[in-house]
Amino acid sequence: MAAYVSVGNIHAFYLAGQVHREQSYRQDSWSSGFSSRTIPFKVPFSWSSGVSKALKSGRCGCYSRGVYTNSESSKPCASIKAISASSSTKYYDFTVIGSGVAGLRYVLEVAKQGTVAVITKDEPHESNTNYAQGGVSAVLCPLDSVESHMQDTMVAGAHLCDEETVRVVCTEGPERIRELIAMGASFDHGEDGNLHLAREGGHSHRRIVHAADMTGREIERALLEAVLNDPNISVFKHHFAIDLLTSQDGLSTVCYGVDTLNIKTNEVVRFISKVTLLASGGAGHIYPSTTNPLVATGDGMAMAHRAQAVISNMEFVQFHPTALADEGLPIKPQTARENAFLITEAVRGDGGILYNLGMERFMPVYDERAELAPRDVVARSIDDQLKKRKEKYVLLDISHKPREKILAHFPNIACECLKHGLDITRQPIPVVPAAHYMCGGVRAALQGETNVLGLFVAGEVACTGLHGANRLASNSLLEALVFARRAVQPSTDLMKRTKLDLSASEKWTRPVVATARSLGDEVLSKIIALTREVRRELQEVMWKYVGIVRSTIRLNTAERKIAELEAKWETFLFEHGWEQTVVALEACEMRNLFCCAKLVVSSALARHESRGLHYMTDFPFVEESKRIPTIILPSSPTTASWSSRRLQNIRSSSLVDC
Amino acid sequence: MATNKIVRLIAPSGSVSSRFLEPVSRFFSSGTPPPPQAQSPTPNQDNVKPDQNLQEKEEEEEEGGEEFMNKDTGEIGGPRGPEPTRYGDWEQRGRCSDF
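What you are looking at is a predicted structure, and each value in this text was computed from that prediction instead of being measured. (Residues numbered from 1 in each chain as written. Chains lettered and ligands numbered in written order. Predicted model: local features only at pLDDT ≥ 70, side-chain atom pairs only at ≥ 80, totals over all residues. Heavy atoms only, no water.)

**Some details on the overall build of chain A**
Across its full length, chain A carries 20 helices and 27 strands. Relative to its full complement of 658 residues, chain A shows a buried share of 66%. Considering only contacts within chain A whose residues lie at least 6 apart along the sequence, 75% involve residues at least 24 apart. As displayed, chain A has an accessible area near 22,500 Å², and 53% of this comes from carbon and sulfur atoms. (Helix = DSSP H or I, 4+ residues; strand = E, 2+ residues; numbered from the N terminus. Buried < 20%, exposed > 50% of the residue type's maximum accessible area, 1.4 Å probe, protein only. Contact = heavy atoms within 4.5 Å. Areas by Shrake-Rupley, 256 points an atom, 1.4 Å probe, with all protein chains shown as cover.)

**Regarding the overall build of chain B**
When you go through chain B residue by residue, the secondary structure sums to 3 helices and 3 strands. Along its sequence from the N terminus, chain B presents helices and strands in the succession α-α-α-β-β-β. Taking all 99 residues of chain B together, 40% fall into the buried category. Summarising the internal contacts of chain B: among those between residues at least 6 apart in sequence, 24% fall at separations of at least 24. Approximately 5,400 Å² of chain B is accessible, and the part contributed by carbon and sulfur atoms is 51%.

**Digging into the packing of aromatic side chains**
Residue and element names in this part refer to chain A. Taken as a whole and assessed by the stated rule, the structure comprises 12 aromatic pairs over all chains. With a centroid separation of 6.0 Å and 85 degrees between ring planes, the pair formed by F574 and W642 is classed as edge-to-face. Within this pair, whereas F574 is found in helix α18 (residues 552-575), its partner W642 is found in the loop between β27 (630-632) and α20 (652-655), the two being separated by 68 residues in sequence. Owing to a relative accessible area of 32%, F574 belongs among the partly exposed residues under this scheme. We classify W642 as buried; its relative accessible area is 1%. (Phe/Tyr/Trp six-rings, centres within 6.5 Å; stacked < 30°, edge-to-face > 60°.)

**Re helix α6 (residues 163-182) of chain A**
Residue and element names in this part refer to chain A. If you check α6, its first and last C-alpha atoms are 29 Å apart, about what 20 residues at 1.5 Å a residue would give, namely 28 Å. Of all the bends found along α6, the most pronounced is centred on G173 and spans about 40 degrees, while P174, a proline, follows it within four residues. T165, V166, V168, V169, C170, G173, P174, R176, I177, E179, L180 and I181 are the residues of α6 that are buried. The positive-phi residue at the C-terminal boundary of α6 is G184, with phi of around 115 degrees. (Expected span 1.5 Å × (residues − 1). Bend = angle between axes of the 7 residues up to and from the residue.)

**Let's talk about the pairing of strand β11 (residues 252-262) of chain A**
Residue and element names in this part refer to chain A. Counting buried residues in β11 gives 11 out of 11 residues, a clear majority hidden from the surface. Pairing of strand β10 (residues 239-249) with β11 involves 10 bridges; the strand directions are antiparallel. Bridging from a neighbouring strand, T246 pairs with C255 of β11. Connecting β10 to the next strand, β11, in antiparallel fashion are 2 residues, including G250 with a positive phi near 65 degrees. Pairing of β11 with strand β12 (residues 267-278), which is carried by 6 bridges, proceeds in the antiparallel orientation. If you follow D259 over to β12, its bridge partner there is R270. (Pairing = 2+ DSSP bridges.)

**Comments concerning the packing of helix α14 (residues 475-486) of chain A against helix α15 (residues 488-497) of chain A**
Residue and element names in this part refer to chain A. It is at 4 Å that the axes of α14 and α15 come closest, and there the two elements cross at 30 degrees. Here α14 lies roughly parallel to α15, going by the angle between them. Residue-level contacts link A484, R485 and R486 of α14 to V488, Q489 and P490 of α15. Residues of the contact of α14 with α15, tallied by class, amount to 3 nonpolar, 1 polar and 2 charged. (Axes fitted to C-alpha atoms, helices over the stretch in contact; angles between N-to-C directions. Parallel < 35°, antiparallel > 145°, perpendicular 65-115°, else oblique. Nonpolar A, V, L, I, M, F, W, Y, C, P; charged D, E, K, R; others polar.)

**What to know about the pattern of salt bridges**
Residue and element names in this part refer to chain A. Counted under the stated rule, the structure contains 45 salt bridges over all chains. With a shortest N-O distance of 3.7 Å, E506 and R651 are connected by a salt bridge. Taken together, the residues span a long stretch of sequence, with E506 in the loop between β22 (498-500) and β23 (512-513) and R651 in the loop between β27 and α20 at a distance of 145 residues. By relative accessible area, which is 34% here, E506 ends up partly exposed. (Salt bridge = Lys/Arg side-chain N within 4 Å of Asp/Glu carboxyl O.)

Given below as structure tokens:
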């Protein structure tokens, strides 16, 4: 059964999939709720031109359903004054989901053209951006070159990057940095007044701009300050995005806004807008150990998939090999650590040795460089040891080095471990890999367009083709800045051509908040307790079967276990009074985690080679013929689970008009 | 504000130290955990002989004494101690924040 795809937006991909079907085409898996089709195939034209062409051919004529009129030749449509018919429905020219660097950078530009709502599920500064404390890369030294930055990016990405995307990002990066400085971001500089540029692993030149050790936070601060001072921008914090509002217009899927849950007041708020930007970040919490803050539950990727957007390259999950393993600390932290504490390469560089819990030094078995092998080799080795020995962490021992040197170089580690009863000058440090960054996401064209009209993406939630199979250090903030800026023009053009029918807000059924009154106190508590337990179980399955070292058998097991877990969870909910449109924060995050986990497994199963971050024991080598992106098409609405289909239905009365 | 930043970049002076303090103070007020430099020293550090390099660099501090200049790189306001990227990742006092 064909997944529904709209001709004119990804028709070209669908055709290509059929042409190359003999080449590692993976059949749908029809286990319950798992009905997305994953196809690796050769894109017959460049990534960006293909998507742009497809999108242009789709965007013609009018949307005749009474919500939008798209009149290319008429004068620009009026900007929406930020009105709310009721507190439960709000109208804006632009709605932005996410308040990290991508969202805020975009917002500051489009606010010059129209009204903007920023939706963020926690405090505005709570995002992966804030924890990105290294730097942002750009060609700012006269001895450096765009070509060099491009080359470094493509090598890091194992040549799966889209060349045009890489060129655009590396070329436009410097200008984006200068703009940030003009907006008030303070980066470290030298006595001569020039920016101080550092050189990080994988870069051939010094090109990392940074602010002491809190670059992301500094950028976030500067942008947030500007945003809060702009009267055209309304920030809605503690608003959790539930699902995008879309409908079919002919063969195109069109986005009209998003439904949200105000977590503080427990009310649903519907945002209707001409343009929507998804900038909701990553999905680290599909794994038990992650550097991501708690908000990173893959909400955007899941919503986009449910809204029929194409997802790409989800198998490329970046892990750091040595995060402090709380399990191995004598005194466990009282509350679960939200962001993994990463132990620097410098510990290994300065002579640290890795042991398994049997006190065997294992690295020499995997690589003659032992602990000084490249990071991904170390990560795979640790992962392999943990899986073979069924253990939870390994040990990194620096205690054989002089005590003074250890404390001088690594006081942060010393302090953190001492707080929990461990003296690193005498005992080894327990470490485990942690999920850090998602290279894949919602497939974006060169200006952040997706195959859903009116929906743009930027930042970690997007898959732009920049990172390929592995991200180069400090390129993620850069990608967010460049794409957020690039999405501005097409967004503004679309906004000006679009007229909104204010009565259309009731076209979709409304989500209903789960309350103790509607479900009963006891039932609600049981559901929340089960949801927390199910989240832990999902994370364990992902770590155990979809970790750093993968195999077809393990991935198939993951697929089956996730389907069973999801069915068990959904059955419990629906047997206890839950319904299609009922929402609660924990449940909505859980359905997003399920959705993202399945996207990762599905993509990983489809790539029959090892490349970059994706390593398969049964396909351990790079295959040139497979140097193509992995694409996930939208799933069929009829067979999808609750996590895979959009919450809201279109009211049948709305369809009568067509 | 933009003009101020440009002036500061061209001619660093006393104003630079206040710029350095700015993000830190705002950082504290946001309620998020302190950056590594702001952590109180561990009891063990009382026994540690100061690193030779660190001592030299401290002598190079600008007048006003609040901003640190790295003798080797000329960087002002940057991290003290060994070069954060010396092993490829971005580390500060042992904690990695980017790679």
